[in-house]
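Given next are the chains, with one letter for each unit.
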Amino acid sequence: MHRFSSMAFAVLAAVAAAPALAADSTFEAVKVTAGETLFKAECRRCHAPDADHDSYGPPLENVVGRAAGTYPDYDYSTALEASGIVWTPAALRAWMEDNDGFMPGTKMRHVGISDPTVQEFILAYLSSITTQDNSAVSK
């Protein structure tokens, strides 16, 4: 938990350093950059951002809006494949905070990213690497 607090403080300091009247696009870019750093620290040990890199878990490129358990050629747990959920920002937040509580029976170890700021930045990064409309896959 202390590691999250330290990272969140560093990220907040970077955001606070931006000019008060910065454009929305500048603020979003800061969130994405911070989210990428936090992703690398907390998620990358198991998930690659894309299929071009090896990972234990499924790559997370295009995850926002995708139906759970649908990344091609990944051996998902029955619980995740049968869940019927879509990876919305709310579902991803719940998963990051307590994946075991959110969906018992999955293969992923517990993550426990409970800091909402850290979650927000990671979501900004995941949204930035979601470049396709996943609505057809999510039906």
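Rules used throughout
- Residues numbered from 1 in each chain as written.
- Predicted model: local features only at pLDDT ≥ 70, side-chain atom pairs only at ≥ 80, totals over all residues.
- Heavy atoms only, no water.
- Helix = DSSP H or I, 4+ residues; strand = E, 2+ residues; numbered from the N terminus.
- Buried < 20%, exposed > 50% of the residue type's maximum accessible area, 1.4 Å probe, protein only.
- Contact = heavy atoms within 4.5 Å.
- Areas by Shrake-Rupley, 256 points an atom, 1.4 Å probe, with all protein chains shown as cover.
- Salt bridge = Lys/Arg side-chain N within 4 Å of Asp/Glu carboxyl O.
- Core = buried A, V, L, I, M, F, W, Y, C linked by side-chain atoms within 4.5 Å.
- Axes fitted to C-alpha atoms, helices over the stretch in contact; angles between N-to-C directions.
- Parallel < 35°, antiparallel > 145°, perpendicular 65-115°, else oblique.
- Left-handed = near helix turned anticlockwise from the far one by under 90°.
- Nonpolar A, V, L, I, M, F, W, Y, C, P; charged D, E, K, R; others polar.
- Disulfide = S-S within 2.5 Å.

## Quick notes on the overall build of the protein
Here is step 1 of the chain: Assigned secondary structure in the protein consists of five helices and zero strands.
Here is step 2 of the chain: Starting at the N terminus and walking to the C terminus, you meet the elements of the protein as α-α-α-α-α.
Here is step 3 of the chain: Taking all 139 residues of the protein together, 38% fall into the buried category.
Here is step 4 of the chain: Sequence separation of 24 or more characterises 50% of the internal contacts of the protein that already satisfy a separation of 6 or more.
Here is step 5 of the chain: If you sum the accessible surface of the protein, you get close to 7700 Å²; carbon and sulfur atoms cover 58% of it.

## Points about the pattern of salt bridges
Here is step 1 of the chain: Tallying each qualifying case throughout the model produces five salt bridges.
Here is step 2 of the chain: Between Lys40 and Glu36 there is a salt bridge, and its shortest N-O distance comes to 3.6 Å. Of the two residues, Lys40 and Glu36 are both situated in helix α2 (residues 24-42); the distance of four residues between them amounts to about one turn of the helix.
Here is step 3 of the chain: Under the relative-accessibility criterion, Lys40 is labelled exposed at 53%.
Here is step 4 of the chain: Glu36 sits in the partly exposed class, given a relative accessible area of 29%.
Here is step 5 of the chain: Here Arg45 ties to Glu42 by a salt bridge, and the two come within 3.6 Å at their closest N and O atoms.
Here is step 6 of the chain: Overall, Glu42 belongs to the buried group, its relative accessible area being 7%.
Here is step 7 of the chain: It is possible to trace a salt-bridge network through shared partners that takes in Glu28, Lys31, Arg93 and Glu120.

## With respect to the nonpolar core
Here is step 1 of the chain: Within the largest apolar cluster, 24 residues are counted, with the highest numbers of intra-cluster contacts made by Phe39, Val63, Leu80, Trp87, Leu92, Ile122 and Leu126.
Here is step 2 of the chain: In terms of residue count, helix α5 (residues 116-128) provides more of this core than any other element does, six residues in total.

## Points about the packing of helix α4 (residues 89-102) against α5
Here is step 1 of the chain: Contact geometry for α4 and α5: axes closest at 10 Å, N-to-C directions at 125°. When the axes of α4 and α5 are compared, the pair comes out oblique. Considering only the axes of α4 and α5, their crossing is right-handed. Side by side, α4 and α5 meet where Pro89, Leu92, Arg93, Met96 and Glu97 of the first sit next to Pro116, Gln119, Glu120, Ile122, Leu123 and Leu126 of the second.
Here is step 2 of the chain: Classifying every residue of the contact of α4 with α5 gives seven nonpolar, one polar and three charged.

## Topic: the state of the cysteines
Here is step 1 of the chain: One pass over the structure, following the stated rule, counts zero disulfides.
Here is step 2 of the chain: Among the cysteines around Cys43, which has no disulfide bond, Cys46 carries the closest sulfur, lying 9.0 Å off.

Remember that the coordinates give geometry; whether it matters functionally is a separate question.
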